[in-house]
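Tertiary structure, described
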There are 2 protein chains.
Amino acid sequence: MCSMRWRPTPCCRSRHPRPCAAITSAWQGAPNWRTPRPGAGSMSSHDRSRNTHMPSTDTNVSLQPALRLDGRTAVLGILGDPVAQVKAPAPLTARLQQAGLNAVLVPMHVRADDVAALLPALLTLHNLAGFIVTVPHKQRVADLLGDGLLPGARRANASNVVRRTVQGGWQGELLDGTGFVAGLRAAGFDPRGRAACIAGAGGAASAIAFALADAGARSVRVCDIDTAKAEALARQLQLHGVEAGTWNGREPGEAELLVNATPVGMRVDDPRPVPASALRAGLWVAEVIMAPAVTPLLQLARERGCIAHEGRHMMERQLGLMADFFEPAILAIAPERLEVAA
Amino acid sequence: MCSMRWRPTPCCRSRHPRPCAAITSAWQGAPNWRTPRPGAGSMSSHDRSRNTHMPSTDTNVSLQPALRLDGRTAVLGILGDPVAQVKAPAPLTARLQQAGLNAVLVPMHVRADDVAALLPALLTLHNLAGFIVTVPHKQRVADLLGDGLLPGARRANASNVVRRTVQGGWQGELLDGTGFVAGLRAAGFDPRGRAACIAGAGGAASAIAFALADAGARSVRVCDIDTAKAEALARQLQLHGVEAGTWNGREPGEAELLVNATPVGMRVDDPRPVPASALRAGLWVAEVIMAPAVTPLLQLARERGCIAHEGRHMMERQLGLMADFFEPAILAIAPERLEVAA
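Residues numbered from 1 in each chain as written. Chains lettered and ligands numbered in written order. Predicted model: local features only at pLDDT ≥ 70, side-chain atom pairs only at ≥ 80, totals over all residues. Heavy atoms only, no water.

Moving on to the overall build of chain A. For chain A, the count of helices and strands is 10 helices and 11 strands. By the burial criterion, 60% of the 342 residues in chain A qualify as buried. Considering only intrachain contacts with a sequence separation of at least 6, the fraction spanning at least 24 residues in chain A is 75%. Here chain A has roughly 11900 Å² of accessible surface; of this, 53% comes from carbon and sulfur atoms. (Helix = DSSP H or I, 4+ residues; strand = E, 2+ residues; numbered from the N terminus. Buried < 20%, exposed > 50% of the residue type's maximum accessible area, 1.4 Å probe, protein only. Contact = heavy atoms within 4.5 Å. Areas by Shrake-Rupley, 256 points an atom, 1.4 Å probe, with all protein chains shown as cover.)

If you want it as structure tokens, here you go:
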């Protein structure tokens, strides 16, 4: 067991106590899907702009040539408050329909106080296959689902996807960490046998830490401006048999991967979540922030010879994981496969 | 007051006691919107195929060039059981978006027993602008809305459209009759000063009878295989000051319009809802049945020199009425107008 002593450092902070806020920011922004940009439609160019300033268009998927929308369409919701910033409806709908599934994802703006009453009511919409959960409802939904949580969601006590079961209940999972690791792998970094350090100890950090451990990471160290929070996450990881501890947030040490799992970097006047001293040439520096695509941290990382891994990778990979997660629930409602244009 | 004595006749029947079943059948069928048929996209060719066998494509509107679907999209539902047969989602969504409204209509499959609990729960989805109500929920929803009913829905005790108010409640209206009259007018028949007879005395017949009276029809006579039902509707019309009575279902008398407001004609082996003797040359004979487009009644009407008015006219006109009805509720949620391609 590695249990490093956590020391407070001004360079490692989480100003926004909402868990998973950084991850959910991945869905931020509301481009006009009516005007597809060049390159739209491809879901596979995940590593095209690594270490470049080329803007990603991966999630700007147009719903052209046409959307299937009829009485047999299975519906998915995305629950959030607010919900205007979410990006998932068009690209996930396009992805599902391109896979031959008659389904559509629509936003559902619900207040935290109403979530408990809403979940059983949504069960009575028999063609609602499930829903994505975003800020601030991930923990609340996990609390409400109880035995309906799959292992990843239970471990993190947070759920970002919920589907209808054949028994007529809800089943929740957390795909944030899995999506992050899938994004890393697709970009060329396999966590197996490697040490990682994480800035942040909230919901996003927890999901990523466990997913890195699941992927065979040698060790995971975490830091947070809230000492107790970092120590608690380290202990929780250790309880699950993970080689884990706290991190000083200043030097990468033996780590080959540094993850910013805080929301610091989303706002124009944000400081960097870690100082320049934490950025060693050759280190993979990963964000979960989607906007801006290249945060000040990633910019500095590039200048110092690190490999900058943008937040969009996690979102792009989650689209596929979400499609896989919802597919059985969609097919139970809309079993007829759509004709898909070649 | 005209209060003709109702006499039972085998040619005038309502085998399906569900109110408004014939009207709701207007949304039946589930064409594949991914493959637009020639002529799709036009909402204005309402009278193109009058008295011809040309199939209508008016409601087969493709969602090309693209659908706007993002976190700011206002959602509309269509509540029914079953709901697979509804046709409205694609054409109403297309119509709303062509009008610059960021909205999408999705099916919501809900059982009758769950409607009462669902209505308040749907209010907690703050970006749900409203919903269409179809079989078998029109009366149940009207009962639940109580003071939230607009005059047309209150009079018929049935609601097929419900929108969110600025006060945060639901407000219901019934557009079936208004849509029917709008379809008649667009096809060239103005009910003002003219006598009409209606086969059927259920929800569809009631809505149409009141709408014809509102439009200035001189008299409205109704017949039904259920004597008491026809007499009750005639009395209700009279109470509202309408020149109304029962009809023998065999001769048109002075009527210039004959409406089949029963579901008889939807099934292949259905008899005609009225006998040939009811069809005088020059009489307008109107259906509310959508499939088949040309019922055996309309076929016979043409052969006898009547003007056959297909059921699709009512649905097509309702799309516009529904768009108008939902527009303020949509704009309260999604005030930003979409750019609409010229």
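All right, on to the packing of aromatic side chains then. Residue and element names in this part refer to chain A. As enumerated under the stated definition, the model contains 6 aromatic pairs over all chains in all. Summarising the aromatic geometry, the rings of Phe-325 and Phe-326 are spaced 5.3 Å apart at their centres and angled 75 degrees between planes, so their arrangement reads as edge-to-face. Residue Phe-325 is classed as buried on the basis of its relative accessible area, which comes to 7%. Over the ring of Phe-325 we find Arg-163; its NZ or CZ atom is 4.1 Å from the centre of that ring. (Phe/Tyr/Trp six-rings, centres within 6.5 Å; stacked < 30°, edge-to-face > 60°. Lys NZ or Arg CZ within 6 Å of the ring centre and 35° of its normal.)

This paragraph deals with the nonpolar core. Core analysis: the biggest nonpolar cluster contains 57 residues, and Val-106 and Phe-131 of chain A together with Val-106, Phe-131 and Trp-170 of chain B have the highest contact counts within it. The element best represented in this core is helix H3 (residues 115-123) of chain B, accounting for 6 residues. Apart from residues no more than four positions distant in its own chain, Val-106 of chain A is found in contact with Val-75, Leu-76, Gly-77 and Ile-78 of chain A together with Leu-69, Val-75, Val-104 and Val-106 of chain B. (Core = buried A, V, L, I, M, F, W, Y, C linked by side-chain atoms within 4.5 Å.)

An ideal rise of 1.5 Å per residue puts 32 Å on 22 residues; helix H10 (residues 312-333) of chain B measures up with 31 Å between its terminal C-alpha atoms. Helix geometry: H10 of chain B is bent most strongly at Glu-327 of chain B, by close to 45 degrees, with proline Pro-328 of chain B lying one to four residues after it. (Expected span 1.5 Å × (residues − 1). Bend = angle between axes of the 7 residues up to and from the residue.)

On to the confidence of the model for chain A. Considering every residue of chain A, the mean pLDDT works out to 83; 80% of them sit at 70 or more. In the model, residues 1-65 of chain A has pLDDT below 50 throughout and makes 204 contacts with residues more than four positions away in sequence or in other chains. (pLDDT = per-residue confidence, 0-100.)

So, on to the sheet that holds strand E7 (residues 219-223) of chain B. Residue and element names in this part refer to chain B. With parallel pairing, 6 strands are arranged side by side in an open sheet as E8-E7-E6-E9-E10-E11. Unpaired on one side and paired on the other, strand E8 (244-246) and strand E11 (307-309) mark the two borders of the sheet. Taken pair by pair, the neighbouring strands of this sheet meet at an average axis angle of 20 degrees, ignoring direction. As defined by bridge partners, strand E6 (residues 195-199) adjoins E7 across 5 bridges and the pair is classed as parallel. Directly across from Cys-197, in E7, lies its bridge partner Arg-221. On top of the sheet, helix H6 (residues 176-187) reaches strand E9 (257-260), strand E10 (284-287) and E11; it is set at about 140 degrees to E10, its chief contact. Docked against the sheet, helix H8 (residues 227-239) engages E7 and E8, running at close to 170 degrees with respect to E8. (Pairing = 2+ DSSP bridges. Axes fitted to C-alpha atoms, helices over the stretch in contact; angles between N-to-C directions.)

Now for the sheet that holds strand E5 (residues 170-173) of chain A. Within a beta sheet, neighbouring strands are joined by backbone hydrogen bonds and run either parallel or antiparallel to one another. Residues and elements named next belong to chain A. Strand order in the open sheet formed by 5 strands is E2-E1-E3-E4-E5, and the pairing between neighbours is mixed. Among the strands making up the open sheet, the edge pair consists of strand E2 (103-109) and E5. Across the sheet, the mean angle from the axis of one strand to that of its neighbour is 20 degrees, orientation sign disregarded. In the sheet, strand E4 (residues 161-164) pairs with E5 via 4 bridges, with the strands oriented antiparallel. Within E5, the position partnered with Val-161 by the bridge is Glu-173.

Before going further, it helps to spend a moment on the layout of surface pockets. Estimated volume of the largest pocket: approximately 270 Å³. Lining the largest pocket are 17 residues, and of these Gly-71, Arg-72, Ile-333 and Ala-334 of chain A together with Ala-84 of chain B sit closest to its centre. Taken together, the residues of the lining of the largest pocket break down into 7 nonpolar, 6 polar and 4 charged. (1 Å grid on protein atoms, 1.4 Å probe; cavity = no way out; pocket = protein on both sides within 12 Å on 5 of 7 lines; lining within 4 Å. Points joined across faces, edges and corners; volume = space filled by probe spheres on them. Nonpolar A, V, L, I, M, F, W, Y, C, P; charged D, E, K, R; others polar.)

Residues and elements named next belong to chain B. Contact pair helix H7 (residues 203-214) / H8: the axes reach a minimum separation of 11 Å and the direction vectors enclose 30 degrees. Taken as axis vectors, H7 and H8 run roughly parallel relative to one another. Crossing hand, H7 versus H8: right-handed. Two secondary-structure elements touch here, H7 through Ala-205, Ser-206, Ala-209 and Phe-210 and H8 through Leu-233, Gln-236 and Leu-237. (Parallel < 35°, antiparallel > 145°, perpendicular 65-115°, else oblique. Left-handed = near helix turned anticlockwise from the far one by under 90°.)

So, about the packing of H3 of chain B against helix H4 (residues 138-145) of chain B. All names here are of chain B. Running from amino to carboxyl end, H3 crosses H4 at an angle of 60 degrees, the nearest separation of the two axes being 10 Å. When the axes of H3 and H4 are compared, the pair comes out oblique. Helix-helix and strand crossings are classified by hand; for H3 and H4 the assignment is right-handed. Contacts from Val-115, Ala-116 and Leu-119 in H3 reach Arg-140, Val-141, Leu-144 and Leu-145 in H4. When its residues are assigned to classes, the contact of H3 with H4 shows 6 nonpolar, no polar and 1 charged.

Moving on, we get to the side chain of His-109 of chain A. Relative to the helices and strands, His-109 of chain A resides in strand E2. Of note is the side chain of His-109 of chain A, whose polar atom sits 3.2 Å from the side chain of Arg-111 of chain A. Among residues more than four places away in sequence, those in contact with His-109 of chain A are Gly-80, Asp-81, Pro-82 and Val-83 of chain A together with Thr-124, Leu-125, His-126 and Asn-127 of chain B. (Polar contact = N/O pair within 3.5 Å; in protein donor to acceptor, adjacent residues only side chain to side chain.)

Turning our attention to the pairing of strand E6 (residues 195-199) of chain A. Residues and elements named next belong to chain A. The buried fraction of E6 is high, at 5 of 5 residues. In this fold, E6 hands off to helix H7 (residues 203-214), which returns the chain to strand E7 (residues 219-223); that crossover is right-handed. Where E6 meets strand E9 (residues 257-260), 4 bridges bridge the pair, whose relative direction is parallel. Bridging from a neighbouring strand, Cys-197 pairs with Leu-258 of E9. (Right-handed = clockwise from strand over helix to strand, strands pointing away.)

Checked against the element boundaries, Thr-73 of chain B lands in the loop between helix H1 (21-24) and strand E1 (74-80). Excluding its chain neighbours within four sequence positions, the residues that come into contact with Thr-73 of chain B are Pro-107 of chain A together with Arg-68, Asn-102, Ala-103, Val-104 and Asn-127 of chain B. A polar atom in the side chain of Thr-73 of chain B sits 2.8 Å from the backbone nitrogen of Asp-70 of chain B.

Attention now moves to the pattern of salt bridges. Where charged atoms from two side chains of opposite charge approach closely, those side chains can pair. Residues and elements named next belong to chain A. In total, this model carries 24 salt bridges over all chains according to the counting rule given. A salt bridge links Glu-316 to Arg-312; its shortest N-O distance comes to 3.2 Å. Separated by 4 residues within a single helix, Glu-316 and Arg-312 lie in helix H10 (residues 312-333), roughly one turn from each other. Of the two residues examined, Glu-316 and Arg-312, each falls in the buried class. Ionic contacts of the salt-bridge type, sharing partners, join the residues Arg-302, Glu-310, Arg-312 and Glu-316 into one network. (Salt bridge = Lys/Arg side-chain N within 4 Å of Asp/Glu carboxyl O.)

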